[in-house]
Amino acid sequence: LPMEVGSLQGWQAHILALLAAREPERFVAAAKDVLLNANGSVVHVMLQALSNVPKKYRPSATEIGVAAIERTRRVLGRSFGETDNFALISGLAPSQFVAADWEDQWKDWMPAVRAALADSLQAVFVGLSVPQKNRVCDLLEALLSDSTYQVRRAAARSFSRLDAGR
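Just so it is clear, the structure is predicted and the values come from calculations on it, not from any experiment.

Reading the values: the criteria
Residues numbered from 1 in each chain as written. Predicted model: local features only at pLDDT ≥ 70, side-chain atom pairs only at ≥ 80, totals over all residues. Heavy atoms only, no water. Axes fitted to C-alpha atoms, helices over the stretch in contact; angles between N-to-C directions. Helix = DSSP H or I, 4+ residues; strand = E, 2+ residues; numbered from the N terminus. Parallel < 35°, antiparallel > 145°, perpendicular 65-115°, else oblique. Left-handed = near helix turned anticlockwise from the far one by under 90°. Contact = heavy atoms within 4.5 Å. Nonpolar A, V, L, I, M, F, W, Y, C, P; charged D, E, K, R; others polar. Buried < 20%, exposed > 50% of the residue type's maximum accessible area, 1.4 Å probe, protein only.

(A) Molecular detail of the packing of helix H2 (residues 24-37) against helix H3 (residues 40-51). Running from amino to carboxyl end, H2 crosses H3 at an angle of 140°, the nearest separation of the two axes being 8 Å. Relative to H3, the element H2 is oriented oblique. The handedness of the crossing between H2 and H3 comes out as left-handed. Residues Ala31, Val34 and Leu35 of H2 form the contact with H3, whose own contacting residues are Val42, Val43, Met46 and Leu47. Classifying every residue of the contact of H2 with H3 gives seven nonpolar, no polar and no charged.

Written out as structure tokens, the structure is:
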């Protein structure tokens, strides 16, 4: 990109996301670079734009969704959380979202972020394979034992909507 990633505005990120979806060979690398290095509001605008692209452009959106998972795992911490992005990322790259090792890091996250993860796992459940559905259930079961009521409640609510037999 001809400019600093930190100076990128939301509207520029929106346009870049749409270009990356339509012409991946030209723009996906730039979109991933922005996604990995930009501030949270710019990333959110990009993810929203990608979430609304037509199905025929989804393969490149999935590739960018994988980069968003990497960024999320890198930036979330005790005093920072982008709770809105989980739902967007899970819609872009559902299989990769479920496969990510969230449990290795969530002890360092704020409770609201862990609760948002539980909600996003429920939202992505329908289109998954049986092993992936089992992974979702395993993650939610682990969140059911969280020390914070907000997280346990979100996990229980999500779990109850997924599989009444477990």
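Once the structure has been displayed, the description carries forward.
(B) Fine view of the environment of phenylalanine 125. Mapped onto the secondary structure, phenylalanine 125 falls in the loop between helix H7 (111-124) and helix H8 (130-143). For phenylalanine 125, a relative accessible area of 10% gives the class buried. The spatial distance from the C-alpha of phenylalanine 125 to the C-alpha of valine 136 is 7.3 Å, given a sequence separation of eleven residues. Setting aside residues up to four positions removed in sequence, phenylalanine 125 forms contacts with Lys133, Val136, Cys137 and Leu162.

(C) Up close: the environment of serine 51. Relative to the assigned elements, serine 51 resides in helix H3. Taking relative accessible area as the criterion, serine 51 reaches 21% and is therefore assigned partly exposed. For the pair serine 51 and leucine 92, spaced 41 residues apart in the sequence, the C-alpha separation amounts to 6.4 Å. Every residue in contact with serine 51, bar those within four places of it in the chain, is listed here: Arg58, Leu88 and Leu92.

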